[in-house]
Structure formats: C-alpha cells, structure tokens
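Reading the structure
What follows is the residue order along each chain.
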Amino acid sequence: MEVDSSVNTYLQTQQRQAPSELAHYFAEFEDLYERKIWHQLTGLVEKFINIPEAAPYRVGIYTEFVRDWQKHMNKVKLVLFALAAARQFDSIPEAVNFMQKISEQVDQPDSQDAFALAQLETAHFRLLLNDLDATRESLEKCQKMIEKFDSVDPVIYASFYRVCADYYKAKAAFGQYYKNALLLLACINVDELSVEDRVQRAYDLAIAALLSDSIYNFGDLLSHPILNALHDTEHAWMVTLLLAFNSGDIGKFESLTGNLQKQPLLMQQEAFLQQKIRLMALIESMFRQQGTGTHKVSFASVSAETKVPVDEIEHLIMKALSLGLIRGGIDQVDQQITVQWVQPRYLGKEQIKSLADRLAQWEERVKATSLQMSQTAPELFN
C-alpha cells in the first residue's frame, strides 16, 4: 500500500494545531504509518481515542486516517474506533446509519465477532431512539451468534451485557436489568469507569435490587466494590437501605422511608417495599430459629418478627414458599410453620455473629448428645 499524501497532510496539520499534550501522538501516528507498522499503530490509536481530551479528534481520526489503512487492523478494533467516532455525532439517527455501514463492512466470514459488536452498538443507538423492538431483535440475533463463537473477546461480552442491561432498564424489568448489569461489571475494569458512571451504575443496581420481585439475595451487589461509589454522595442512604433489607431490619427501613420521596420509582412502589422487607424479616427470623435447633415456629412468633397481623401470617408464609425463599409446611390447626430450608444469602457482621452463635450452639448439642450416649451405652465407646 502506498502512503497517502492526504493522510500525511491531515496528521501534520493536526500536529501543528493540537494542544501540546496531544500533538506528539500525531507525529507518532505519521511515523508508524509511513513505516507500515500496523499493530503498533492500532495500539497507539486505541490509546489516543480513550483520552478524554481527544474527544474532538475522534471523528477526524477515523474518517481522515483510520479508514485509509483499516484493512490492516483487527476488525474488532476497527469497530471500536468507528464507535468512538459515532458517539461524537450530534444526531443519533446519523450514528445509527454510520454504525450500520460499519456492520455491513465487517460482515465477513473471518470477522463475525466484529460484526456482532457493530450490530450490538447499532442496537444501542436504536435504543436511545426508543426503538425497543429493533433492539430486542438485534440482541436475540447477536446472542445466537456469540454462543457459536469458540472464543469471545471480553469487549463483545461487555457490549452485549451493557445493551441488555440498558434495554431491560428501559422496560423496567428490574430482575433482568440486575442480572445483566452485574454480568457487565464482571467483564470490565470498574476503576476505568468515570466517577459519574460508577455512581449511576451503583444507583441503578440498588434500585433494581429493591424493586425486583425475584431478587431477595443482595449478596452479589453488597459484596461488589461498585457500591462504594455511593458513599459520600447524595445517594449514600441507598446503601443503608440495602443493608436494612438484607438483614430484614424493619425498624431501620421505616427510619429511612422519608428518603423514598427522593426516588419516584421507590415512592410509587412503597407498598411492594413494605411487603418485601417483611419477607426479608421472615427469612432472617427463620435463619435465627434454625440456629436454636427449632424448626417449628408459631404464627405469633413470626408476627412479632415481621410486624404482620397474625391473621395475615399464613399469606406471608405462602408467599415466601412460592418464591422459594423457604421450604417447609404450614400447620393451620396449631398455627405453626415447619421450616426445613432457608435461602442462602449475603451475611452482614451481625448475621455472621448469629451464624457463629449457631455453630457454637450446635457444638454444645453435639457434646451433650455424646455425653449422654457415653453414659447410657458406655460399651459403644470402649
């Protein structure tokens, strides 16, 4: 490939006009381009476009420079460079059309991974236009493609889970958003996100955990460093609220209800949150009861723990059973519940202490049983 003089002109012009902290990149671009060292040039362009101050140059870098030698680069990188440019467009429809052309360009047998990535990012722009049907169709298509790949670049998984999460957020499907948002965080370096992005992701995850009717175990979120982003912000109370739910602390929840008005979604779902905290309180109560060796619990005891009237306890327990939060049975005559299993979940400091106490109690019962057996049947221990 002959070196294009127009490319040199562009690079030299930018080298003169760019601020000093960016100008040297254009000089290095020109050097590597003239020597046709494509791999190193690709890496340097990738580094450059990820510099926040380089945002105004991303469109020009792609249109005036990258397109000239794109056949020599990894096609996934090509899509990422094009995406960086598309994100600078003022018009979202223009970005959709641009990324669609990139998709067609990389739709080759040996670059189907890049094609999937381009399709996903096109779908994301369509989602910004509220075209939910087209977004869903693209996600379904790309999922089938990705499942057939022998290996998948983490950037493609990250794109897939990000678009899925944003799609389910738009649909207010809290459980699905929660799952895909956490999978996204597993594919990226959280520290590379901007402070604003970390706060928004943590906030959205907290909302989803609270409002999902299928999530009663907050362990994945409470143990994830993303939640630290909410500390020292106006949303810090959300962490306290999550911890209150996780431990079934109704008193703590009620002390925080004044904050619900800060978030319309939580305010609208207050009745649901009231029921959910009582289910969490039931789980916590059953967890503690198992530690005492007691598997039968009276409705009156559950009522005291959950602050639910005795005549409504059966409905609460049936709800917990149907959700798979506990396993057991109900004795309507004696008004008792027999609990055989409680859903595992994240343990806070107090809950870990409770578990330690349970283990200590179990140890004492084993010792007592052993002593009793040695006294009643000493021949077994000889």
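To start, this report covers the structure provided alongside it. (Residues numbered from 1 in each chain as written. Predicted model: local features only at pLDDT ≥ 70, side-chain atom pairs only at ≥ 80, totals over all residues. Heavy atoms only, no water.)

This part is about unusual backbone geometry. Even without a glycine there, the phi angle at Asn-130 is positive, about 65 degrees. Mapped onto the secondary structure, Asn-130 falls in the loop between helix H7 (112-128) and helix H8 (132-148). Here the phi dihedral of Lys-307 falls at roughly 60 degrees; this positive angle occurs in a residue that is not glycine. Along the chain, Lys-307 turns up in the loop between helix H17 (299-306) and helix H18 (313-322). (Helix = DSSP H or I, 4+ residues; strand = E, 2+ residues; numbered from the N terminus.)

In contact at an axis separation of 10 Å, helix H5 (residues 75-86) and helix H6 (residues 92-106) are set at 170 degrees when each is read in the N-to-C sense. The angle between H5 and H6 falls in the class roughly antiparallel. Note on element contacts: H6 touches H5 through Ala-95, Phe-98, Met-99, Ile-102, Gln-105 and Val-106, opposite Lys-75, Leu-78, Val-79, Ala-82, Leu-83 and Ala-86. Looking at the contact of H5 with H6, its residues break down into 10 nonpolar, one polar and one charged. (Axes fitted to C-alpha atoms, helices over the stretch in contact; angles between N-to-C directions. Parallel < 35°, antiparallel > 145°, perpendicular 65-115°, else oblique. Contact = heavy atoms within 4.5 Å. Nonpolar A, V, L, I, M, F, W, Y, C, P; charged D, E, K, R; others polar.)

Looking now at the pattern of salt bridges. As enumerated under the stated definition, the model contains 10 salt bridges in all. A salt bridge links Asp-133 to Arg-136, with the shortest nitrogen-to-oxygen separation between them at 3.2 Å. Here the residue Asp-133 and the residue Arg-136 both occupy positions in helix H8, the gap between them amounting to three residues, near one helical turn. According to the relative accessible area criterion, Arg-136 is partly exposed, its value standing at 32%. Sharing partners across several salt bridges, the network here consists of Arg-87, Glu-121 and Arg-162. (Salt bridge = Lys/Arg side-chain N within 4 Å of Asp/Glu carboxyl O. Buried < 20%, exposed > 50% of the residue type's maximum accessible area, 1.4 Å probe, protein only.)

It is worth spelling out the packing of aromatic side chains at this point. Tallying each qualifying case throughout the model produces 19 aromatic pairs. Pairing Phe-245 with Phe-253 gives two aromatic rings, centres 5.3 Å apart and planes at 80 degrees, and the pair type is edge-to-face. Judged on exposure class, the residue Phe-245 and its partner Phe-253 are both buried. Seen from the ring of Tyr-216, Lys-276 lies directly overhead, with NZ or CZ sitting 4.9 Å from the centre. Seen from the ring of Trp-341, Arg-327 lies directly overhead, with NZ or CZ sitting 4.1 Å from the centre. (Phe/Tyr/Trp six-rings, centres within 6.5 Å; stacked < 30°, edge-to-face > 60°. Lys NZ or Arg CZ within 6 Å of the ring centre and 35° of its normal.)

Direction vectors running N to C along H5 and H7 enclose 20 degrees, while the axes themselves pass 8 Å from each other. It follows that H5 is roughly parallel to H7 by the angle criterion. As for how H5 packs across H7, the hand of that crossing is right-handed. Contacts between H5 and H7 involve Lys-75, Val-76, Val-79, Leu-80, Leu-83 and Ala-86 on the former and, on the latter, Asp-113, Ala-114, Leu-117, Ala-118, Glu-121 and Phe-125. Class assignment of the residues belonging to the contact of H5 with H7 gives a composition of nine nonpolar, no polar and three charged. (Left-handed = near helix turned anticlockwise from the far one by under 90°.)

Quick look at the sheet that holds strand E1 (residues 296-298) now. As summarised here, the arrangement of the three strands in space is E1-E3-E2, forming an open sheet in which the pairing is antiparallel. On the outer flanks of this sheet lie E1 and strand E2 (326-331), each paired with one strand and no other. For this sheet the average axis-to-axis angle between neighbouring strands, irrespective of direction, equals 30 degrees. As paired strands, E2 and strand E3 (residues 336-342) are joined by six bridges and run antiparallel to one another. Across the sheet, the residue bridging to Ile-326 is Val-342, located in E3. Packed onto the sheet, H17 meets E1, E2 and E3 and runs at close to 70 degrees relative to E1. (Pairing = 2+ DSSP bridges.)

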